[in-house]
Amino acid sequence: MLNSDQLAATRAVLDRNALVKQPHDVCISGLQFAVLPNVLSPQFFASTGFLANAVSYRAEDAFLEIGPGMGAISVLAALRGAKKVVAIDINPDAVTNTRINASLHGVSNIVDCREGDIFEPLHDSEKFDTIFWNIPFVYIDEAYEYQSLLEKAVFDPGYRLTERFIRQAADWLVPNGRLLVGFGDFGDIERLSNYARSSSLQMTKVASVKAKEVNEVEFILFELTPSPISITLQEG
């Protein structure tokens, strides 16, 4: 669970990110990506670089990313063979940024970036083999009001977004599809686990890494899969 020191550290990193008023380039998985102002930058937030390498991309996937930010993971999914990538972000600058990077790497025909709130921009018939979200895992009081679009990429008041994502994700997965979640050790992992359990999902840690932003943190990639159903046979 987040403590006051970590909250202050997160705000300090956000403030540094917000001071950047010009586009800049970053290197993710050996490739160059553009980052626009008002979009979370891997220059300040280390989770993108880790998750870009931790996600196991699969050829011929229909891949959905919620909250792509500057779009590196959606672009990498396309470059690694996904047949369709949909990226959804509530920040219009992130939508533009993802489109720029998809064009830069020649995958605009595969990456479809849409503006909206979690699953709302999807069509009823759409299903995906993989759904991924680097959740804004910093828990903050449910009455908190966002001060900027950047904060929406980091803070989740009352974990309302996290709960909705976990409860609705299965509706958009094909049978035997996979749900991948990026998280951090200063998020409320117990609450996340409870949401998963109530949706009959079990969490498995796929990968993790220690990183230094202001404090040392651990970033984690979880896979959520249907829990085994125990069946009791009656004699007679």
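Residues numbered from 1 in each chain as written. Predicted model: local features only at pLDDT ≥ 70, side-chain atom pairs only at ≥ 80, totals over all residues. Heavy atoms only, no water.

A word on the side chain of His24
With respect to the helices, strands and loops of the structure, His24 is situated in strand E1 (residues 24-28). At 2.8 Å, the side chain of His24 and the side chain of Ser41 are in polar contact. If near-sequence neighbours (up to four positions away) are discounted, His24 is found in contact with Phe33, Ala34, Val35, Ser41 and Gln43. (Helix = DSSP H or I, 4+ residues; strand = E, 2+ residues; numbered from the N terminus. Polar contact = N/O pair within 3.5 Å; in protein donor to acceptor, adjacent residues only side chain to side chain. Contact = heavy atoms within 4.5 Å.)

So, the pairing of strand E6 (residues 128-134)
Among the seven residues in E6, seven count as buried, and that is most of the element. Looking at chain direction, strand E3 (residues 62-66) and E6 are connected through four bridges and run parallel. Bridging across to E6, Leu64 finds its partner in Ile131. (Buried < 20%, exposed > 50% of the residue type's maximum accessible area, 1.4 Å probe, protein only. Pairing = 2+ DSSP bridges.)

Looking at unusual backbone geometry
Within the chain, Tyr159 stands out as a residue other than glycine whose phi angle is a positive 55 degrees. Taking relative accessible area as the criterion, Tyr159 reaches 0% and is therefore assigned buried.

Re the packing of aromatic side chains
Enumeration over the complete set of coordinates arrives at twelve aromatic pairs. With a centroid separation of 5.3 Å and 40 degrees between ring planes, the pair formed by Phe137 and Phe183 is classed as tilted. Here the residue Phe137 occupies a position in the loop between E6 and strand E7 (138-140), and Phe183 occupies one in strand E9 (residues 173-184), the gap between them amounting to 46 residues. Neither Phe137 nor Phe183 differs from the other in exposure class; each is buried. Clustering of aromatic rings is evident, with ring pairs tying together Phe137, Tyr139, Tyr159, Phe183, Phe186, Phe219 and Phe222. (Phe/Tyr/Trp six-rings, centres within 6.5 Å; stacked < 30°, edge-to-face > 60°.)

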